[in-house]
Amino acid sequence: MRHLVSIDDLTAHDLHGLLDLAASFADVQAREVRKVPALRGKTIVLAFFEDSTRTRTSFDLAARRLSADVINFSAGSSSLKKGESLRDTIETIDAMGVDAIVVRHGSSGVPLTIQQWTDAAIVNAGDGWHQHPTQALLDSFTISQRLGSLEGKKIALCGDILHSRVARSNVAAFSKLGADVVLIGPRTMLPPNLDGWAAKVEPDLDAVLPDLDVAYFLRIQKERMAESLIPSEREYRARFGLTEERAAMLSPDALIMHPGPMNRGIEIDPVVADDPRAVVLDQVANGIPVRMAVLYSVLGPGQFDGVDSGANEGVDL
Ligand code: NCD
């Protein structure tokens, strides 16, 4: 694997390989010394052109725990502010001899575009509405960890599907891993057609809740909505929010998931966000071994090409 831009570029075999590798790195995280020398001598730039707390921090920790050198680059404090173009910025970073660029950008397609301007490996940390592949991997990892696997599991993604890169990536990953995925949300927040979506639309959240293995709630993307797509937050909560009454309809073994940051009281009630079935903080914690697996796969000795590739060789676990 040379770059990671989209879940669509990976087969089920690749996904299983990455999840297996992440499990090895999760074992490392449980040790007293949580660091391995796997990427010693490599330089990774975190180029975040859009705000982020968890994604940026966990890429940073993942890179450091692989012993790579990490440079943090923030659009807000860079020469972009002085009018430098994205291309000049990337070529400047490239000229310093970096091995990988982890990029987050508000526009879809940026991680693919910048591949022309650098020899570094590109890892997409979220681009516009398009993709957020490491989120899909850490969510798949969390579900496998809790439920054994995704095979045959019924998963609902509820909320603002249309503006969500998390929804696009997760539907692709979950369905490739054998889950049955349904989408639920206001009509204005659902894709106009399902071309390219390996999922069905369900009109009624309450009708599906009792059958779900995973109820995944998406954030209302206030900053990405061109116009108001919901009558009010209160009405949204009444129809699509995970209220306490709805949480009571879920099976005792079901998982409640959210990528964060949560709008407590809109898509998820504050009490429900702290329900024992909610695995939101597991998702955050799993971001580190999953991103270690991704960085190792694009930069490590022996290119990753699936479970049998011996991707672990050379990792001093
Ligand atoms: C998501 C993102 O930025 O795409 N957050 C995250 O990375 N955990 C989801 C969101 O912002 O709604």
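Refer to the structure printed above.
My aim in this report is to walk through the structure given alongside it, one point at a time. Here the structure is a predicted model, which is why all the values come from computation and not from measurement.

Examining the overall build of the protein
Scanning the protein from N- to C-terminus turns up 11 helices and 9 strands. Taken over the C-alpha trace, the protein has a radius of gyration of 19 Å; the compact-globule value for 317 residues is 20 Å, and the two agree within 12%. Taking the principal axes of the C-alpha coordinates as reference, the protein spans close to 55 × 45 × 35 Å. Within the protein, buried positions represent 56% of all 317 residues. Partitioning the contacts of the protein with sequence separation of at least 6, the portion at a separation of at least 24 is 74%. As displayed, the protein has an accessible area near 13,400 Å², and 48% of this comes from carbon and sulfur atoms. Charge-centre separation for the protein: the mean point of 32 positive side chains lies 5 Å from the mean point of 43 negative side chains.

Observations regarding the pairing of strand E8 (residues 214-217)
Burial along E8 is two-sided: the residues Val 214 and Tyr 216 and Ala 215 and Phe 217 are all buried. Summarising the sheet, strand E5 (residues 154-158) and E8 pair through 4 bridges and their orientation is parallel. Paired with Cys 158 across the strands is Phe 217, a residue of E8. Two elements, E8 and strand E9 (residues 255-257), share 3 bridges in a ladder whose sense is parallel.

Brief notes about the sheet that holds strand E2 (residues 69-74)
Taking strand neighbours across the sheet as the criterion, the 4 strands line up as E2-E1-E3-E4 in an open arrangement whose pairing is parallel. Lying at the two open borders of the sheet, with one neighbouring strand each, are E2 and strand E4 (121-127). Averaged over all adjacent pairs, the angle separating strand axes in this sheet is 15°, with direction ignored. The sheet contacts of helix H2 (residues 54-65) involve strand E1 (43-48), E2, strand E3 (100-105) and E4, and relative to E2 the element is tilted by about 160°. Contacts between helix H3 (residues 86-95) and the sheet are confined to E1, E2 and E3, with E3 contributing the most and set at about 155° to the helix.

Concerning the sheet that holds strand E6 (residues 180-184)
Reading across from one edge, E7-E6-E5-E8-E9 is the order of the 5 strands in this open sheet, with parallel pairing throughout. Of all the strands in the sheet, just strand E7 (200-201) and E9 have a single pairing partner and so form its edges. As paired elements, E6 and E7 share 2 bridges and run parallel to each other. Of the residues in E7, the one forming a bridge with Val 182 is Lys 200. Lying over the sheet, helix H6 (residues 165-176) contacts E5, E6 and E8, oriented at roughly 175° with respect to E5.

What about the packing of aromatic side chains?
Here the structure, examined in full by the defined rule, presents 4 aromatic pairs. Seen in terms of ring centroids, Phe 25 and Tyr 296 are 6.0 Å apart; in terms of plane orientation they differ by 65°. Their pairing is edge-to-face. Placement of Phe 25 in helix H1 (residues 12-29) and of Tyr 296 in helix H11 (residues 280-299) is noted, with a sequence separation of 271 residues between them. Note on Phe 25: relative accessible area 0%, which makes it buried. Between Tyr 236 and Phe 240, the aromatic rings sit 5.7 Å apart at their centres with planes inclined by 40°, giving tilted as the arrangement. Here the residue Tyr 236 and the residue Phe 240 both occupy positions in helix H8 (residues 233-240), the gap between them amounting to 4 residues, near one helical turn. Overall, Tyr 236 belongs to the buried group, its relative accessible area being 2%. Residue classification places Phe 240 among the buried positions, given a relative accessible area of 4%.

Quick look at the site of the ligand
For the ligand, the full set of nearby residues is Arg 54, Thr 55, Arg 104, His 132, Gln 135, Arg 165, Val 166, Arg 219, Gln 221, Pro 259, Gly 260 and Pro 261. Between the ligand and Arg 104 there is a distance of 3.1 Å, counted from an oxygen atom to a side-chain nitrogen or oxygen. Here the ligand, which alone exposes 310 Å², has 94% of that area covered by the protein. According to the grid-proximity analysis, the pocket containing the ligand is the largest pocket. A per-class count over the shell around the ligand returns 3 nonpolar, 5 polar and 4 charged. Two domains share the shell around the ligand, each providing at least three of its residues, namely domain 1 (7-132 + 286-299) and domain 2 (133-282).

Comments concerning unusual backbone geometry
The step from Gly 260 to Pro 261 runs through a cis peptide bond, and the omega angle for that step is -10°. Here Pro 261 is to be found in the loop between E9 and helix H10 (270-273). Notably, Ser 67 is not glycine yet its phi reads approximately 70°, a positive angle.

Here is what the cut-offs are and how they apply
- Residues numbered from 1 in each chain as written.
- Predicted model: local features only at pLDDT ≥ 70, side-chain atom pairs only at ≥ 80, totals over all residues.
- Heavy atoms only, no water.
- Helix = DSSP H or I, 4+ residues; strand = E, 2+ residues; numbered from the N terminus.
- Rg over C-alpha atoms; globule rule 2.2 N^0.38 Å.
- Buried < 20%, exposed > 50% of the residue type's maximum accessible area, 1.4 Å probe, protein only.
- Contact = heavy atoms within 4.5 Å.
- Areas by Shrake-Rupley, 256 points an atom, 1.4 Å probe, with all protein chains shown as cover.
- Lys, Arg positive; Asp, Glu negative; His and termini not counted.
- Charge placed at Lys NZ, Arg CZ, Asp CG, Glu CD.
- Pairing = 2+ DSSP bridges.
- Axes fitted to C-alpha atoms, helices over the stretch in contact; angles between N-to-C directions.
- Phe/Tyr/Trp six-rings, centres within 6.5 Å; stacked < 30°, edge-to-face > 60°.
- Near = heavy atom within 4 Å.
- Polar contact = N/O pair within 3.5 Å; in protein donor to acceptor, adjacent residues only side chain to side chain.
- 1 Å grid on protein atoms, 1.4 Å probe; cavity = no way out; pocket = protein on both sides within 12 Å on 5 of 7 lines; lining within 4 Å.
- Sits in = over half its atoms within 2 Å of the grid points.
- Nonpolar A, V, L, I, M, F, W, Y, C, P; charged D, E, K, R; others polar.
- Domains from an automatic or database assignment.

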